[in-house]
Amino acid sequence: MKLMQASEDLLKKHYIALCDRPFYSHLLEYMRLGPTVAMVWQGLDVVKMARTMIGETNPSDSRPGTIRGDFSIEVSKNVIHGSDSIESARREILL
C-alpha cells in the first residue's frame, strides 16, 4: 500500500481502455485532484472477492455494506477502482 499523487501519464496508461469514452478526460482530471492510495491485494479468488466488497460501478446499484454502496454517490466520482481480472491486475500493478 502506498499513498501517491498519480501523474497524468500514469493515469493515461492506467485507463487506456477507456480512452475513446466521452468521460475519459473528465476521469483523468478528477483522478488528479487529490492523492490516491494504491494497494495490491492477494488471496484466494482475490479479484472476485475484492469486486464483491467494492460493489457495482454505479453506486446506486451497489448494495449497502459495499465500499461504493456506502461511500460513493455518482459513477464519475467513484472512490475505488478494482481490477476486473488477474491479467488487468498484473498490468496495473506494473504501473
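This structure is a prediction, so every number in the text was calculated from the model and none was measured.

## Brief notes about the environment of His26
Positionally, His26 belongs in helix H2 (residues 24-31). With 51 residues separating them in the primary sequence, His26 and Lys77 have C-alpha atoms 9.8 Å apart.

## Focus: the nonpolar core
Counting residues in hydrophobic clusters, the biggest one holds 8 residues: Ala6, Leu10, Leu11, Tyr15, Tyr24, Leu27, Leu28 and Met31. For this core, the secondary-structure elements that each account for two or more residues are helix H1 (8-14) and H2. For this core, the element with the most residues is H2, which contributes 4 residues. Filtering out sequence-adjacent residues up to four positions away, Tyr24 remains in contact with Lys12, Tyr15, Leu18 and Cys19.

## Details of the pattern of salt bridges
Within the structure shown, the criterion is met by 4 salt bridges. In this structure, Glu8 engages Lys12 in a salt bridge whose closest nitrogen and oxygen atoms are separated by 3.4 Å. Placement of the pair is Glu8 and Lys12 together in helix H1, with a separation of 4 residues, close to one helical turn. Given a relative accessible area of 39%, Glu8 falls into the partly exposed group. Residue classification places Lys12 among the partly exposed positions, given a relative accessible area of 37%. Across the salt bridge formed by Arg91 and Glu92, the nearest N and O atoms sit 3.9 Å from each other. A relative accessible area of 15% places Glu92 in the buried class.

## Describing helix H3 (residues 46-54)
Considered for burial, the residues of H3 that qualify are Val46, Val47, Ala50 and Ile54. Looking down the long axis of H3, one finds its buried residues gathered within 95° of arc, a one-sided arrangement. What points out from H3, more than 90 degrees from its buried face, is the exposed set Lys48 and Thr52. Its buried side turned inward, H3 meets helix H4 (67-71) and helix H5 (86-94).

So, how was this worked out
Residues numbered from 1 in each chain as written. Predicted model: local features only at pLDDT ≥ 70, side-chain atom pairs only at ≥ 80, totals over all residues. Heavy atoms only, no water. Helix = DSSP H or I, 4+ residues; strand = E, 2+ residues; numbered from the N terminus. Core = buried A, V, L, I, M, F, W, Y, C linked by side-chain atoms within 4.5 Å. Buried < 20%, exposed > 50% of the residue type's maximum accessible area, 1.4 Å probe, protein only. Contact = heavy atoms within 4.5 Å. Salt bridge = Lys/Arg side-chain N within 4 Å of Asp/Glu carboxyl O. Arc of directions from axis to C-beta.

Just geometry here; none of it tells us what the structure is for.
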